[in-house]
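Remarks on the overall topology
In case you want the letters, here they are:
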Amino acid sequence: MADLVAQGVAGKRVLVRSDLNVPLDGSTITDDGRIRASVPTIRTLAEAGARVVVTAHLGRPKGAPDPAYSLRPVAARLGELLGQEVAFAGDTVGESAHETVQALEDGQVAVLENVRFNAGETSKDDAERGAFADRLAALGDAFVSDGFGVVHRKQASVYDVAQRLPHALGGLVQAEVDVLRRLTEEPERPYVVVLGGSKVSDKLGVIDNLLGKADKLLIGGGMVFTFLKAQGYEVGKSLLEEDQVDVCREYLQRAAESGVQLILPTDVVVDTAFPSGDRTPEPRVVAASEIPSDALGLDIGPDSARAFAGALVGARTVFWNGPMGVFEVAAFADGTRAVAQALTEVTADGGLSVVGGGDSAAAVRTLGFDEAAFGHISTGGGASLEYLEGKVLPGIQVLEDDE
């Protein structure tokens, strides 16, 4: 983006694809991390005199306007963070968008309504997607891709617009890519990967790729119970993907043969029901090999939390994606807290600690950690995982393809 700014953006309409997909409770933003992450690029362009036109999505509306997914509260919060009024267009490429953009003066910022209110944004049909991209590109003179959380999507505002306008990587996306390259191209060792979250199927490609690169692979969260089942243990009512048991068994064997330490919890925190409503949790700790038939695992146990933290001592590179348990509930947050704390100590010792976006980033903030205590907190969990799988990210590839 530095080259684009150096060429001069004053008076130009710069279309910025940001990631403003934040959680809402009604119209109240419950975590503004992604909005804050988008500010530096927008501010840099505005201070250079650009007329900044921000496009983004929120949630998964079905290609038509839905008030529940309006970006209006996000635009208001962005204005607070920028310290200036941010105009809001009530549509994405219609009359309101054109009038709002037309009214911008140098250094001013506007947010267009949710780009996914338009079926062309996510269409699998190239022509339909391209037609929408034409209308979107008409609102800008240049394009900056700064929404890392969507660069793994071949969507109109991410991929097709870049083919229609002079383009550049935004500062946020550039920083994300730089960090991910450090994780995949000769990472400083010892290199430890911590994976959690609900489903092992979401992480298969990452595990497959990193079994040959990481020194240690720590697995917790709901996905661990499929690994425990692969070891021959019963897991009660815990989350289980029966169709992945054989795959997990193969990964355990590959890890043993390749010398990678694949570390699973030895104890878990269980309850008889998933925490919800007004029910008071009744947590108890059991051995990972002895989960009662009427219980489900909701966190790694205290012994495992200490072991996981210990496995991170001395690491020079750590990538963490996925909580160790249901961290939103205090009774099942200790495993996730222990991993997060251990990552801050890696950072303090001069190592690189990377929090891989999504629920992991939310957990860091929910549990009260200082974000500055981590080397990097990604804004895109899915994009990070696909990069680490070795997949091509369309939103990055198109920016690097100038043919």
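This text goes with the structure placed above it.
Please read these numbers as outputs of a predicted model, since none were measured by experiment. (Residues numbered from 1 in each chain as written. Predicted model: local features only at pLDDT ≥ 70, side-chain atom pairs only at ≥ 80, totals over all residues. Heavy atoms only, no water.)

**What about the environment of G221?**
- In this structure, G221 sits in the loop between β10 (216–219) and α10 (224–230).
- Considered as a pair, G221 and P323 are 102 residues apart in the sequence and their alpha carbons are 5.9 Å apart.
- Aside from chain neighbours lying at most four places away, what touches G221 is G196, G197, I300, P323, M324 and G325. (Helix = DSSP H or I, 4+ residues; strand = E, 2+ residues; numbered from the N terminus. Contact = heavy atoms within 4.5 Å.)

**Comments concerning the pairing of β10**
- Across the two faces of β10 the burial is the same, with K216 and L218 and L217 and I219 all buried.
- Examined bridge by bridge, strand β9 (residues 191–195) and β10 share four bridges and lie parallel to one another. Across the sheet, V192 pairs through a bridge with K216, a residue of β10.
- A crossover connection joins β9 to the parallel β10 through helix α9 (residues 204–210); in handedness this β-α-β unit is right-handed. (Buried < 20%, exposed > 50% of the residue type's maximum accessible area, 1.4 Å probe, protein only. Pairing = 2+ DSSP bridges. Right-handed = clockwise from strand over helix to strand, strands pointing away.)

**Structural notes on the environment of I396**
- Within the element layout of this structure, I396 appears in helix α16 (residues 394–400).
- Expressed as a C-alpha distance, the spacing of I396 and Y159, which sit 237 residues apart in the sequence, is 8.4 Å.
- Not counting residues up to four positions away in its chain, the partners in contact with I396 are V151, L169, V173 and V177.

**Overview of unusual backbone geometry**
- Omega for the peptide link from R189 to P190 comes to 5°, which places this bond in the cis form.
- Along the polypeptide, P190 turns up in the loop between α8 (171–184) and β9.
- Even without a glycine there, the phi angle at E186 is positive, about 55°.
- With respect to the helices and strands, the residue E186 is situated in the loop between α8 and β9.
- Taking relative accessible area as the criterion, E186 reaches 78% and is therefore assigned exposed.

**Brief notes about helix α14 (residues 358–366)**
- Within the sequence span of α14, burial applies to S360, A361, A362, A363 and V364.
- The positive-phi residue at the C-terminal boundary of α14 is G368, with phi of around 85°.

**Some details on the packing of α8 against helix α15 (residues 381–389)**
- At a minimum axis separation of 10 Å, α8 and α15 run at an interaxial angle of 35°. Like other packed secondary-structure pairs, α8 and α15 cross with a definite hand, here right-handed. Together, V177, L180, R181, L183 and T184 of α8 and S384, Y387 and L388 of α15 make up the contact between the two elements.
- Considering only residue class, the contact of α8 with α15 consists of five nonpolar, two polar and one charged. (Axes fitted to C-alpha atoms, helices over the stretch in contact; angles between N-to-C directions. Left-handed = near helix turned anticlockwise from the far one by under 90°. Nonpolar A, V, L, I, M, F, W, Y, C, P; charged D, E, K, R; others polar.)

**Section: the pattern of salt bridges**
- Going through the model one piece at a time under the given rule, you end up with 24 salt bridges.
- Ionic pairing is found between R51 and D106, a salt bridge with its closest N-O pair at 2.8 Å. Of the two residues, R51 sits in strand β4 (residues 51–55) while D106 sits in the loop between α4 (95–102) and β6 (109–111), which places them 55 residues apart along the sequence.
- The exposure class of R51 is partly exposed, given its relative accessible area of 26%.
- Using a relative accessible area of 44% as the deciding quantity, one classes D106 as partly exposed.
- In this structure, R249 and D246 form a salt bridge, with 2.7 Å as the shortest nitrogen-oxygen distance. Of the two residues, R249 and D246 are both situated in helix α11 (residues 245–258); the distance of three residues between them amounts to about one turn of the helix.
- Via salt bridges that share partners, D31, D32, R36, R77, E80, R365 and E371 belong to a single interconnected network. (Salt bridge = Lys/Arg side-chain N within 4 Å of Asp/Glu carboxyl O.)

**Looking at the packing of helix α2 (residues 33–47) against helix α3 (residues 72–82)**
- Packing of α2 against α3 leaves a shortest axis separation of 10 Å and a crossing angle of 60°. Between α2 and α3, the angle is such that the two are oblique. Classified by chirality, the crossing of α3 by α2 is right-handed. Along the contact surface, α2 presents I35, R36, S38, V39, I42 and R43, while α3 presents V74, R77, L78, L81 and L82.
- Residue composition of the contact of α2 with α3, by class: seven nonpolar, one polar and three charged. (Parallel < 35°, antiparallel > 145°, perpendicular 65-115°, else oblique.)

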